[in-house]
Amino acid sequence: MFEMEIVLPAVLNGIATGAVYALVALGLTLIYGVLHIVNFAHGSLLMLALYGVYFLYTLLGIDPYVALPIMVPVMFALGYALQRSVIATASHGREDNILLVTLGLSIIIDNLALYLWSADTRTINPSYAFDTVDFGIAFIAVPKLVSFLGALLVTVLLWLLIQRTDLGKAIRAVARERHGARLVGIDVEHIFAMSFGIGIACVGAAACLLLPSYYAHPGVGESFVIVAFTIVVLGGMGSFVGALVGGIIIGLTESLGGLFLGENLGRIGIFVIFIAILLFRPAGLFGQRAT
Amino acid sequence: MKTKGALVIALLVALIPLPLLVHSDFWLHFAIMTLYFALLGQAWNLLGGYGGQRSFGHAAFFGTGAYAAAMLQLDFGISPWAGLVLAGLLGAAAGALVGALSFRYGLRGSYFALVTLAFAEVFRIVADSVPFTGAGVGLQIPLRQSAANFQFADKAGFYAVILALTVLATGLAWWIENSRFGAALVAVRENENAARALGIDIDRTKLGAILISGALSGLAGSFYVQYYLYIDPRIAYGVEVSVAALLVPLIGGTGTVLGPLVGALALRTLNEVSGGLTGGAPGLNLVLYGALLIVILAFLPDGLVSLVTRLRRRHA
Amino acid sequence: MSNPQSIVTRRRVLAGAGATAIATLGAPAILRAQAKTVKVGIIHPVTGGVSYSGTQGRAGAQMAVEDINAKGGIKSLGGATIEALLADAQSKVDVAVSEIEKYNEAGVSAVVGGYASFICLATTQAAAKHGIPYVVDVGTDDRIISAGLTNTFRFSPGYGVFVKAAVPALKEINASAGNAAKTAIIVHEDSAFGTGTANLLAKELPGIGIEVLEIIKHPTPTLDFNNIVLTIKAKKPDIVIPANYYNEYVILARTMQQQKVRPKGIYSVLGGGASQYKFVKEFPQAAQYIMDCNHWYDPKKPAALELKKRTEAKHLFYTYEVFLNYNAVMLLADAIERAGSTDRAKITEALAASSWGGHFMPYGPTKFENGQNTGARAVNLQVQDNDIKVILPPEFANAKPVFPMPA
């Protein structure tokens, strides 16, 4: 079972998948880093985005990758609106309530999807879906390769946005010291909403990259939310580098877990890591905040 | 508020003769399900409402009780009634495991919620993978109706059992409101540091709460198995159960004796009404629950029960 | 909240939401006595993990109901029509059981369907609680029949029959290829049907000289078969034996194609996608030469081909779920006709005594023993020339097996 000829492809697969997970987690860690809220609806919004990409493909014939410039702004707007209108008002700013409000949102979104689109798994079949690139040691599916590259690109863009733009500066200011930021004239509520919006825009990008090798299903949100949280906690809440590294680690865990423990038991690796990090090192690999 | 507890129990006792008046299976099923969710909700309430430790993974305790009840009958031939008791004990044990780890490492708030969710998922994956629990196939209890076998041909039998269990859970909530342990628990909820300064053993108090909460959840699990005669990893340890456990008290009113009952009744009624309106498409009732949760959090954070006190205050 | 929705009509909600007075009268019973229809519950998982099969099954059942009513209904009941009460099992056991309870409330005389073994195991038992006769449409797990439920009837074979047919057939096919196959890997889905089939195969295969290298299980749904295919690639079995549902079967086959894994043969037993026109049409390359031991119709009976035409006219593929459900409903109608009553016990008796010959399956004479039709049989099929051919047994065959798969 330890032959390189099966372990190496599994490793490569895991890294590619992990990069897309990282993309989802980046949005989540940004939201936590700035707003200090644990967005339980993150997975559900990814699920929604996956359906968006699915319908764009089946109804309008738009290829998932081509759909990026559509999905990203749409999801951004949705995120902005949700934070501004629902989350901020319903939780009255109380942190313990925010988790519950986002839980409520995830219940609504997941089940609205179930009601509208039923529980059948929706896959798309673009011509390149089962094409592979021969890397000598392994055949890697084309969609996986594209999603890996896409994830790296988005990470770079996000980093540039946060580090090199005025908006990014404002976001960093609010993240570090929101009252001070308010005092120097930054519209904190707007920055909150912008950050949430950017986080959800990342989710939109992730959906475009993910659908060709994955599927849309109302339950997808549930499974992704825990993966995303594991990565954020593993990497350290608020750390981009952490999210990327954490994502790849989790992708590898999932792939190798599935290979060695079977498809049923394989998923356990992720949760064991999650519990272990929460118990023994809640600040994560790169995080600075203590519990 | 404290005398209310006695009234609630009196109300439940008054419900005992219900099956004599109602012969419709449909209504009995409604009553049974309402009490069942009240039981589950009260279990969560003891830890999350009075204790302030809001778990997102109560399925871990429920499912352990359910599987225990099923496996003890199927593999060891133990009477399902003994299985009920053991389910409660094993549910408490699961609570002890989760609690010991989480509280020892000081997990609170969102972190506690997430770690309980992760535990429930671990249990689900294990149950899904090992032949011991029937893996993905699940476990089916053979149909053998008799009171001794905890399978009643007449729904009134199940009603009696769930009513008794709900009285037990409600009684425990009442006890918590009136006991030193309960006072300590609420103190821990309100301000851990102050509580510690008062000499309260934080970990022990929380552990006590999770033990009772786990036990009641395990009992609910055992009842489910006897009522539906089937259990599998998704039903036992899936997110649906955990969400139900917290929705009921949050909507009814956490930290109160009556809250989970009101919450269960409200949600079951909403369930039936929405079913009639939508003609059966899955999911809509949960959409309404989620919306109701947000509305409650926004406008009535102390739950439906607080409507009464608010109205009373206005007319005072 | 695990109590799901069924298609509850406004009438039923009012009946339920009415005063306790109505409740104590037990309205459904009164309605039943005066019915000019026979209420039959038809339940399938039309949403969820096995929804494709559930939808196909429902279509087959509905066509049968249409035919019965078009031909004048149940004559012994004065032309009473069959009123089909459709329910969605949502691919979940607890939902399905709740639907059976609702069927009981609604006063059905019988229930047909379930499709998946994991659903049927629970629904037959729930129906037995109320003495409702239940005709299993597919559900191949043999425990459905061996549970000792006197209300349960299955017209088609269980996986025991399939394995008993598949193994000697494989031996024969293997022998005529010079025993090219010596090793196998079984891939199965993890619920009742897959696990049961795999266990039985694992026991029988060594007896025909085939070593089982590994048994790989996976949940339904599983969308990524990369790891499983990598394992197959590493172990290099001569044949791969899948036992799972449609979606997973297709992804497995395609992933094998993608990773350039070509065993000498793919020999499925109750393979979810193997003998499926949908699979052959959509992925001809991946489907070519796959062998299967599965449900099939008698290609020599005109009624079978007529139904095929009718199904395809509805833009549906003619799959086993369709014709098995069609026959299940027809079997029930025949029983109701002979019972001359909507009474559950009388219909159950009539089913038990059934010798119905109006089907188009390659079966011997109908005879129920402990709920199983002992005349039911399995056939061996193979995809050749973008079509599905019967390769064994000889009396129904219209092609010869091709094994090993050409490179």
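Residues numbered from 1 in each chain as written. Chains lettered and ligands numbered in written order. Predicted model: local features only at pLDDT ≥ 70, side-chain atom pairs only at ≥ 80, totals over all residues. Heavy atoms only, no water.

A closer look at the overall build of chain C
As a reminder of what qualifies: Helix and strand assignments come from DSSP, with helices taken as H or I runs of at least 4 residues and strands as E runs of at least 2, each series counted from the N terminus. Put simply, the radius of gyration uses C-alpha atoms, and a globule should come to 2.2 Å times the residue count raised to 0.38. Exposure classes here rest on a 1.4 Å probe applied to the protein chains alone. A residue is buried below 20% of its type maximum, exposed above 50%, and partly exposed in between. We call two residues in contact when some of their heavy atoms are within 4.5 Å. All accessible-area figures derive from a Shrake-Rupley calculation using a 1.4 Å probe, and residue coverage is judged against the displayed protein chains alone.
On a plain count of helices and strands, chain C comes out with 16 helices and 14 strands. At 22 Å, chain C has a C-alpha radius of gyration in line with the 22 Å of a compact globule built from 407 residues. The principal-axis extent of the C-alpha atoms belonging to chain C is close to 70 × 45 × 40 Å. Counting the 407 residues in chain C, one finds 63% classified as buried. Put simply, 70% of the contacts in chain C that link residues at least 6 apart link residues at least 24 apart. Only carbon and sulfur atoms are counted for the fraction: they give 56% of the accessible area of chain C, which is about 14300 Å².

Some thoughts on the sheet that holds strand β6 (residues 183-189) of chain C
Residues and elements named next belong to chain C. Rule in force here: Strands were regarded as paired on the criterion that DSSP finds at least two bridges between them. To obtain each axis, a line is fitted to C-alpha atoms, and for helices this fit is confined to the stretch in contact; angles are then taken between N-to-C directions over 0 to 180 degrees.
Here we have 7 strands laid out as an open sheet, ordered β7-β6-β8-β9-β10-β13-β14, and mixed in their pairing. Pairing within the sheet leaves two strands with one partner each, and these edge strands are β7 (211-218) and β14 (387-392). Strand-to-strand twist across the sheet, computed as the mean angle between neighbouring axes with direction ignored, equals 25°. As paired elements, strand β8 (residues 239-243) and strand β9 (residues 265-269) share 2 bridges and run parallel to each other. When the sheet's bridge partners are listed, I239 is paired in β9 with G265.

Comments concerning the interface of chain C and chain A
Cut-off, in case you're wondering: Buried area counts how much accessible surface, traced with a 1.4 Å probe, disappears from two parts once they are put together, with both parts' losses summed. The working definition used for a salt bridge is a side-chain nitrogen of Lys or Arg within 4 Å of a carboxyl oxygen of Asp or Glu.
Each partner contributes residues to the interface: chain C has 27 residues there, and chain A has 26 residues. Buried surface at the junction of chain C and chain A, summed over both partners, amounts to about 2100 Å²; 54% is from carbon and sulfur atoms. Of all residues in chain C, the largest losses of buried area upon contact with chain A belong to L223, N227 and Q258 of chain C, amounting jointly to 27% of the total for that side. Note that D224 of chain C and K144 of chain A form a salt bridge whose closest N and O atoms lie 3.5 Å from each other.

Looking at the pattern of salt bridges
For the structure on display, the rule yields 25 salt bridges over all chains. Measuring nitrogen to oxygen at the nearest pair gives 2.9 Å for the salt bridge that ties K235 of chain C to E214 of chain C. On the criterion of sequence distance, the pair formed by K235 of chain C in helix α10 (residues 226-235) and E214 of chain C in strand β7 is long-range, its members being 21 residues apart. For D298 of chain C, the salt bridge identified is with K301 of chain C, shortest N-O distance 3.8 Å. For D298 of chain C, a relative accessible area of 7% translates into the label buried. Bridged by salt links that share partners, the residues R108, E192, R196 and K206 of chain B form one connected network.

A word on the interface of chain A and chain B
Definition in use: Identification of polar contacts relies on pairs of N or O atoms within 3.5 Å, with a donor-acceptor requirement for protein atoms, meaning one able to donate a hydrogen and the other able to accept it, and with residues adjacent in sequence counted only if both atoms are side-chain atoms.
Across the boundary between the two partners, chain A contributes 36 residues, which contact 38 residues of chain B. Three residues stand out in chain A for area buried against chain B, namely L100, Y115 and L279 of chain A, and they jointly supply 18% of the buried area on that side. Applying the counting rule to chain A against chain B returns 0 salt bridges. There are 2 residue pairs in polar contact (both at pLDDT 80 or more) connecting chain A and chain B. Those elements that provide at least two residues to the side of chain A that touches chain B are α4 (95-117), α9 (220-235), α10 (240-265) and α11 (268-280) of chain A.

Let's talk about helix α8 (residues 159-175) of chain C
Note the threshold: Helix span, expected: 1.5 Å multiplied by one less than the number of residues in the helix.
In a regular helix each residue adds 1.5 Å, so 17 residues correspond to 24 Å; α8 of chain C covers 24 Å between its end C-alpha atoms and thus fits that length. Contacts from the buried residues of α8 of chain C go to α9 (192-204), β8, β9, β10 (291-294), β13 (379-384) and β14 of chain C.

Some thoughts on the confidence of the model for chain A
Threshold: Each residue gets a pLDDT score, which is the predictor's confidence in that residue and runs from 0 to 100.
When pLDDT is averaged along chain A, the result is 88; 98% of the residues meet or exceed 70. Between the elements of chain A, mean pLDDT differs from a low of 81, seen in strand β2 (residues 139-141) of chain A, to a high of 95, seen in helix α2 (residues 42-60) of chain A.

Details of unusual backbone geometry
Cis geometry is adopted by the peptide bond preceding P393 of chain C, which originates at L392 of chain C and carries an omega value of 0°. Within the secondary structure, P393 of chain C sits in the segment after β14. Cis geometry is adopted by the peptide bond preceding P404 of chain C, which originates at F403 of chain C and carries an omega value of 0°. Within the secondary structure, P404 of chain C sits in the segment after β14. For H36 of chain A, which is not a glycine, the phi torsion comes out positive at approximately 55°.

Considerations on the packing of aromatic side chains
Aromatic ring pairs are described here by two measures, namely the spacing of the ring centres and the angle between the planes. Our working rule: Ring pairs are drawn from Phe, Tyr and Trp, using the six-membered ring of Trp, whenever the two centres fall within 6.5 Å, and their geometry is named by plane angle: stacked under 30 degrees, edge-to-face over 60, tilted for the rest. Two limits define a charge over a ring: the Lys NZ or Arg CZ must be within 6 Å of the ring centre, and within 35 degrees of the ring normal.
With the rule as written, the count across this model stands at 47 aromatic pairs over all chains. Ring centres 6.1 Å apart and planes at 75° place the aromatic pair F62 of chain B and Y224 of chain B in the edge-to-face group. Note that F62 of chain B is positioned in helix α4 (residues 59-76) and Y224 of chain B in helix α10 (residues 202-228), a separation of 162 residues in sequence. By the burial criterion, F62 of chain B is buried, and Y224 of chain B matches it. When the ring of F150 of chain B is compared with that of F152 of chain B, the centres are 6.2 Å apart and the planes differ by 65°; the resulting orientation is edge-to-face. Residue classification places F150 of chain B among the buried residues on the basis of a relative accessible area of 0%. Taking the relative accessible area as the measure of exposure, F152 of chain B reaches 17% and is therefore buried. For K278 of chain C, the ring lying beneath its charged end belongs to Y52 of chain C, and the centroid distance is 5.0 Å.

Examining the environment of G269 of chain A
Residues and elements named next belong to chain A. You can see G269 is positioned in helix α11. The class of G269 is buried, set by a relative accessible area of 18%. Residues G269 and L256, 13 residues apart in the sequence, show an inter-C-alpha distance of 9.2 Å.

Topic: the pairing of β14 of chain C
Residue and element names in this part refer to chain C. The element β14 is extensively covered by neighbouring structure, given that 5 of its 6 residues are classed as buried. Bridging between β13 and β14 involves 5 bridges; their strand directions are antiparallel. Residue pairing across strands places V383 opposite I388, the latter belonging to β14. Hairpin connection from β13 to β14: 2 residues lie between these consecutive antiparallel strands, with D385 at a positive phi of about 50°.

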